[in-house]
Amino acid sequence: MSKKPVVELNHVTKRIGKTTIIDDLNLQVFPGEVFGFLGPNGAGKTTTIRMMVGLMDITEGEILIHNHSIEENFEKAIAHVGGIIENPEMYKFLSGYDNLVHYARMVPKKISKDRIHEVVKLVGLEERIKHKVGNYSLGMRQRLGLAQALLHSPSLLILDEPTNGLDPAGIREIRNYIRQIAHEENMAVFVSSHLLSEMQLMCDRIGIIQNGRLISVESVRDFVGTSSKQKIRYHVSPLDQAVELLRSTYGSVVESVGDGFIDTTVSYEGIADLTELFVTHHIRVYGIENIQSTLEEKFLEMTGGEK
Ligand SMILES: Nc1ncnc2c1ncn2[C@@H]1O[C@H](COP(=O)(O)OP(=O)(O)OP(=O)(O)O)[C@@H](O)[C@H]1O
């Protein structure tokens, strides 16, 4: 990517006592992209985020936001950041709108009424914004928190586990809004989670953190898209003939054979090739399932099977 990063972490290390919690972390997030910071509980996500917003000292290395060091030039760096780190404080007896007005008065930058309306629209709360926050669902409160974080038009949005505690509908909503905001406002979004399934739907790139170390950074498109290998399950009959055909044609493509199905590891094009091979050899194909991406495999390995 040739664009300049909004935020960069250079050799960031955090030690508490003799324990290294974050170990030589390097990453960059660019305008308009949603970067997922994925890792199991205790991996170091919150610690990293706390350092990014200046809530915690960095032992070694630096964090730059628009080239301003968060430690040496805090005011300039933090002016570009919006975030929901811990649960945002809201007054339940006030309406969503009054909460935003109240918050707008507290931030150093002048915030216009138009901007308030704009963020309300961005998070889809137009119809309920005049209602009391006490009557909001958790999902609506999260969206109001998002609106609050966006008020001063940050170029970096940091969200720590934004879908925690939400039901599936709430998760879908917040996910869609996050994507939309990143793309419409050309904002860099840094979002942490311990759920791969969620990250794959929300993010453009995913960095996997384990025991304080970044073990991989991958573009989601490469995983759900066309360039990497996937585990594909073919439900076919007769099974023996199908296995024999695959082995004689492609050798190592067969991973395992189950009751009525064959698991294979193939590229995107390979899915079509294998299907064609079956059909031209009069093998009946009853189903083709995508059972695992390589990213999922990596993550499962790392978390010991926990998703
Ligand atoms: N103040 C502290 N003193 C000692 N160890 C700490 C301190 N804060 C965090 N840790 C340890 O650092 C590691 C990383 O914690 P952190 O909260 O950043 O993980 P996380 O990935 O955000 O996990 P979770 O999803 O559970 O919030 C954990 O092993 C934690 O026990």
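To keep things clear, this report deals only with the structure shown in the data block. What you see is a predicted model; the values in this text were computed from it and never measured. (Residues numbered from 1 in each chain as written. Predicted model: local features only at pLDDT ≥ 70, side-chain atom pairs only at ≥ 80, totals over all residues.)

Attention shifts here to the sheet that holds strand β1 (residues 7-16). Taken in spatial order, the four strands of this open sheet run β2-β1-β4-β5, and their pairing is antiparallel. Two strands bound the open sheet, and with one partner strand each, they are β2 (19-29) and β5 (68-69). Summarising the sheet, β1 and strand β4 (residues 60-65) pair through five bridges and their orientation is antiparallel. For Leu9, the partnering residue across the bridge sits in β4 and is Ile63. (Pairing = 2+ DSSP bridges. Helix = DSSP H or I, 4+ residues; strand = E, 2+ residues; numbered from the N terminus.)

This next bit is on the environment of Asp167. Inspection of the secondary structure puts Asp167 in the loop between β7 (156-160) and α6 (168-184). With 12 C-beta atoms counted inside 10 Å, the residue Asp167 sits in the exposed group. For the pair formed by Asp167 and Gly36, sequence separation is 131 residues and the distance between their alpha carbons is 20 Å. (Buried ≥ 20, exposed ≤ 12 C-beta atoms within 10 Å, placed from the backbone.)

Close to the ligand lie Ile16, Ile21, Gly39, Asn41, Gly42, Ala43, Gly44, Lys45, Thr46, Thr47 and His194. Top element by residues in the shell around the ligand is helix α1 (residues 45-52). It accounts for three residues. Its residues placed into classes, the shell around the ligand shows three nonpolar, seven polar and one charged. (Near = placed C-beta within 6 Å. Nonpolar A, V, L, I, M, F, W, Y, C, P; charged D, E, K, R; others polar.)

Right, let's talk about the sheet that holds strand β8 (residues 188-193) for a bit. Read across the open sheet, the six strands follow the order β6-β7-β8-β3-β9-β10; overall the sheet is mixed. The sheet is open, and its two borders are formed by β6 (81-84) and β10 (213-219), each paired with just one other strand. Sheet twist, expressed as the mean angle between neighbouring strand axes with direction ignored, is 15 degrees. For strand β3 (residues 34-38) and β8, the ladder comprises five bridges, and the chain directions are parallel. Its bridge partner being in β8, Leu38 is matched across the sheet by Ser193. (Axes fitted to C-alpha atoms, helices over the stretch in contact; angles between N-to-C directions.)

Before going further, it helps to spend a moment on the packing of helix α5 (residues 138-150) against α6. Between two packed helices, what matters for the description is the angle formed by their axes and the separation of those axes. Where α5 contacts α6, the two axes come as close as 9 Å, and the packing angle between them is 15 degrees. Here α5 is positioned roughly parallel relative to α6, judged by the angle of their axes. Regarding α5 and α6, the two cross each other, and that crossing is right-handed. Residue-level inspection shows Leu138, Gly139, Gln142, Arg143, Leu146 and Leu150 of α5 in contact with α6, the latter providing Gly170, Glu173, Ile174, Tyr177 and Ile181. (Parallel < 35°, antiparallel > 145°, perpendicular 65-115°, else oblique. Left-handed = near helix turned anticlockwise from the far one by under 90°. Contact = placed C-beta atoms within 7 Å.)

The next point concerns the pairing of strand β12 (residues 254-257). For β12 and strand β13 (residues 261-266), the ladder comprises three bridges, and the chain directions are antiparallel. Bridge assignment links Val254 to a residue of β13, and that residue is Thr264. Between β12 and β13, which follow one another and run antiparallel, lie three residues, and Gly260 among them has a positive phi close to 90 degrees.

Take the environment of Arg233 next. Inspection of the secondary structure assignment puts Arg233 in strand β11 (residues 230-237). For Arg233, a count of 19 C-beta atoms within 10 Å corresponds to the partly exposed category. When the C-alpha atoms of Arg233 and Gly287 are compared, they prove to be 7.8 Å apart, with 54 residues separating the residues in sequence. The residues contacting Arg233, other than those within four sequence positions of it, are Phe261, Asp263, Glu289 and Ile291.

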